[in-house]
Amino acid sequence: GLQAIQGGNVDVYISNITWTYSRDMVGHLTPAAVLYYDGQGFMSHKGSVRGLLSELATAKVCASHSTTTIANLQDYIQFHNLNWKILPFESSEGRNDAFFLARKCDLITTDRLVLASLRSTAVEDADNYILHDEIISKEPLVAYVRAADMVWGNVVRWAIYATIAAEEKG
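Computed from a prediction, not measured in an experiment: that's the story for all the values here.

### Considering the nonpolar core
Item 1. Core analysis: the largest hydrophobic core is formed by 15 residues, its most contacted members being F42, L53, L56, L73, Y76, W84 and L107.
Item 2. Contributing elements (two or more residues each) for this core: β4 (58-64) and α3 (67-79).
Item 3. For this core, the leading source of residues is α3, giving four residues.
Item 4. Judged by nonpolar contacts, the second largest core, of 13 residues, contains M43, C62, L87 and L118.

### A few points about the packing of aromatic side chains
Item 1. Across all of its chains, the model carries seven aromatic pairs by this definition.
Item 2. Ring centres of F99 and Y129 lie 6.1 Å apart, and the angle between their planes is 50°; on these two criteria the pair is classed as tilted. In this pair, F99 is assigned in helix α4 (residues 92-101) and Y129 in strand β7 (residues 129-131), connecting sequence segments 30 residues apart.
Item 3. Ring centres of W158 and Y161 lie 5.0 Å apart, and the angle between their planes is 85°; on these two criteria the pair is classed as edge-to-face. Here Y161 and W158 lie together in helix α6 (residues 150-168), a separation of three residues that amounts to about one turn.
Item 4. In textbook terms, an aromatic cluster arises when at least three aromatic residues are bridged by ring pairs, as seen for F42, Y76 and W84.
Item 5. Directly above the aromatic system of Y37 lies the positively charged group of K138, at a separation of 4.9 Å from the ring centroid.

### Considering a nonpolar patch on the surface
Item 1. Taken together, the side chains of Y21, M25 and V26 present a nonpolar region at the surface, about 390 Å² in accessible area.
Item 2. Among the residues examined, M25 registers a relative accessible area of 49% and is labelled partly exposed.

### With respect to the state of the cysteines
Item 1. All told, the structure shown has one disulfide when counted by the stated rule.
Item 2. Disulfide pairing places C62 opposite C105 at an S-S distance of 1.8 Å. The disulfide joining C62 to C105 has a torsion of about 75° about its S-S bond and is therefore right-handed. With C62 in strand β4 and C105 in the loop between α4 and β6 (107-111), this pair connects stretches of sequence that are 43 residues apart. Each of the two residues, C62 as well as C105, counts as buried.

What counts as what
Residues numbered from 1 in each chain as written. Predicted model: local features only at pLDDT ≥ 70, side-chain atom pairs only at ≥ 80, totals over all residues. Heavy atoms only, no water. Core = buried A, V, L, I, M, F, W, Y, C linked by side-chain atoms within 4.5 Å. Buried < 20%, exposed > 50% of the residue type's maximum accessible area, 1.4 Å probe, protein only. Helix = DSSP H or I, 4+ residues; strand = E, 2+ residues; numbered from the N terminus. Phe/Tyr/Trp six-rings, centres within 6.5 Å; stacked < 30°, edge-to-face > 60°. Lys NZ or Arg CZ within 6 Å of the ring centre and 35° of its normal. Patch = residues over 30% accessible without salt bridge, like charges linked within 9 Å, V, L, I, M, F, W, Y side chains within 5 Å. Areas by Shrake-Rupley, 256 points an atom, 1.4 Å probe, with all protein chains shown as cover. Salt bridge = Lys/Arg side-chain N within 4 Å of Asp/Glu carboxyl O. Disulfide = S-S within 2.5 Å.

Spatial relationships are all this shows, so hold off on functional conclusions.
In structure tokens form, the structure reads like this:
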């Protein structure tokens with residue numbers, strides 16, 4: 001992951017990773033370009049949640065143990081004065097199994113693109129799951145390069161922009 005780029009083992013890191021201040025400053029990384037904007041959302045089992053999530057007094061929420069996901073969720077819970085319990089998992093597989101197979105959680109939270117992908121490809125019947133409208137963060141997902149190699153960063157940035165332009169032109 002990010003350690004590989006920090007150590008110089010890879011030249012560019014493209015994944016479902018958010019551009020953050022700490023990655024810029026502490027990690028000595030810089031985003032070559034924003035690939036797309038996503039946001040953290042929620043999915044539930046069909047019929048288990050009615051109405052707005054902000055009005056759901058109690059819930060168990062499966063989340064990956066990552067700084068932005070947990071912090072965003074804690075802020076949402078506190079802002080809406082909810083009595084939700086966060087069940088953090090070290091891996092996305094553990095989180096997914098707890099939600100889909102073991103049904104330990106009322107909700108699962110991560111970026112909406114991931115939730116939509118899980119709903120459409122990782123489950124037998126997508127209609128059994130509800131992707132909620134609430135978005136609790138804005139996540140600029142980026143391609144990272146080492147901050148010390150800005151010439152390479154420029155090459156990556158313009159390759160991304162050229163790809164986007166080509167897509168727009170068909």
